[in-house]
Amino acid sequence: MMKYKIIIIAISVLAILAGCKKDEIDIYNGNTYIYFDREGEDVQEYSFAFHPGIDLDTVPLIVKLIGYPTDYDREIGLVINESKTTADAADYWLPSEFVLRAGSHIDSIPLVLYKSEKLKESKFTLYLEIKDSEELRSGPVPNCFAQIVFSDMLAKPDWWDEVVVTNFLGKYSDEKYRLFIEATGIADLTGMSESAMRAYALIFRDFLKKGREEGKEFVDESGDPITVPEGLYT
């Protein structure tokens, strides 16, 4: 009797699991599905502040296929949700057509972002959604939309702690951080040794020194001179 109960329970569990799979997406009906490789709630952020010297940049939006590839391109039903988008059309560029290229299980859609002065003051959102097309249906619901938030803004990173303030870079300001990235090409010191931090601090110190010798003025948002603890590196 116990054996039959175990069999019945096992069958029930399998039936429930099969039902869950079917509710999520049916991959056995001959259809093919397309979806973003990251869930829409996982906002994709971009800041020009981390890429000094460029006026535009391309952010690849990765899509994946459930099903079989073909030997021809297939249209992706990608649309912009205007009600959830705060970016203007002049802030970005997308292709006129979105396709999954022949033979591809994974592909990318190029999103070009344009730098402008307003990005220093606010963040802007582009909200994209995948809809059914003639040959590609929208995949799992959490992966059928994408939120791209972009700006030219900075914020104090977690690694800029009291040790960094005291020993390497001094008081934080957005303008100092921006100049540090410009001078070193580095935006993240997370996990670095103190000797590596010291090396980047020295590069930044010399950058400020050379700039001032050339007549440049380096001040933060409050108008105070941007400095590092020079006495530690003599």
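Residues numbered from 1 in each chain as written. Predicted model: local features only at pLDDT ≥ 70, side-chain atom pairs only at ≥ 80, totals over all residues. Heavy atoms only, no water.

Participant: Looking at this model, I keep getting lost on the overall build of the protein chain. Mind explaining?
Facilitator: For the protein chain, the helix and strand inventory stands at four helices and eleven strands. Counting across all 234 residues of the protein chain, residues that qualify as buried make up 38%. At a minimum sequence separation of 6, the contacts of the protein chain that also span at least 24 residues come to 70%. Summed over all atoms, the accessible surface of the protein chain reaches about 14,100 Å², with 54% contributed by carbon and sulfur. (Helix = DSSP H or I, 4+ residues; strand = E, 2+ residues; numbered from the N terminus. Buried < 20%, exposed > 50% of the residue type's maximum accessible area, 1.4 Å probe, protein only. Contact = heavy atoms within 4.5 Å. Areas by Shrake-Rupley, 256 points an atom, 1.4 Å probe, with all protein chains shown as cover.)

Participant: Any chance you could explain a negative patch on the surface here in plain terms?
Facilitator: Residues Glu75, Glu97, Glu134 and Glu135 make up a contiguous surface patch of negative charge. The class for Glu134 is exposed, based on a relative accessible area of 79%. (Patch = residues over 30% accessible without salt bridge, like charges linked within 9 Å, V, L, I, M, F, W, Y side chains within 5 Å. Salt bridge = Lys/Arg side-chain N within 4 Å of Asp/Glu carboxyl O. Lys, Arg positive; Asp, Glu negative; His and termini not counted. Charge placed at Lys NZ, Arg CZ, Asp CG, Glu CD.)

Participant: Mind showing me how you'd approach helix H4 (residues 194-213) here?
Facilitator: Structurally, the α-helix is built with 3.6 residues per turn, so residues lying three or four positions apart point the same way. In this model H4 runs 28 Å from its N-terminal to its C-terminal C-alpha over 20 residues, within 8% of the 28 Å that 1.5 Å per residue would give. Buried residues in H4 make contact with helix H2 (162-169) and helix H3 (174-184). Residue Gly215 follows H4 closely and has a positive phi angle near 90°. (Expected span 1.5 Å × (residues − 1).)

Participant: What am I meant to see in the sheet that holds strand S9 (residues 124-131) here?
Facilitator: The strands that make up a sheet are held in pairs by hydrogen bonds between backbone atoms, and each pair lies either parallel or antiparallel. Taken together, the four strands give an open sheet; going across it, the order is S2-S11-S9-S5, and neighbouring strands pair in mixed fashion. Two strands lie at the open edges of the sheet, namely strand S2 (44-47) and strand S5 (77-80), each paired on one side alone. Put simply, the sheet's adjacent strands are angled 25° from each other on average, direction ignored. (Pairing = 2+ DSSP bridges. Axes fitted to C-alpha atoms, helices over the stretch in contact; angles between N-to-C directions.)

Participant: What's the story with H3 in this structure? I'm lost.
Facilitator: Of all the residues in H3, the buried ones are Lys176, Tyr177, Leu179, Phe180, Ile181 and Thr184. Packed against the buried residues of H3 are H2 and H4.

Participant: Can you walk me through the sheet that holds strand S8 (residues 106-114) in this structure?
Facilitator: The strand order across the open sheet formed by five strands is S6-S8-S3-S1-S10, and the pairing between neighbours is mixed. Only two strands of the sheet have a single partner each, and these edge strands are strand S6 (92-93) and strand S10 (137-138). Across two bridges, the pairing between strand S1 (residues 33-36) and S10 is parallel. Bridge assignment links Ile34 to a residue of S10, and that residue is Ser138.

Participant: Would you mind going over the pattern of salt bridges with me for this structure?
Facilitator: Side chains carrying opposite charge are able to pair once their charged atoms draw close together. Applying the stated rule across the entire model yields twelve salt bridges. Between Arg178 and Glu175 there is a salt bridge whose closest N-O contact spans 3.9 Å. You can see Arg178 and its partner Glu175 sitting in helix H3, three residues apart, about one turn around the helix. Overall, Arg178 belongs to the partly exposed group, its relative accessible area being 22%. Of the charged contacts in the structure, one is a salt bridge between Lys216 and Glu214, with a shortest N-O distance of 3.9 Å. Using a relative accessible area of 52% as the deciding quantity, one classes Glu214 as exposed. In this structure, a network of salt bridges that share partners links the residues Asp88, Asp91 and Lys118.

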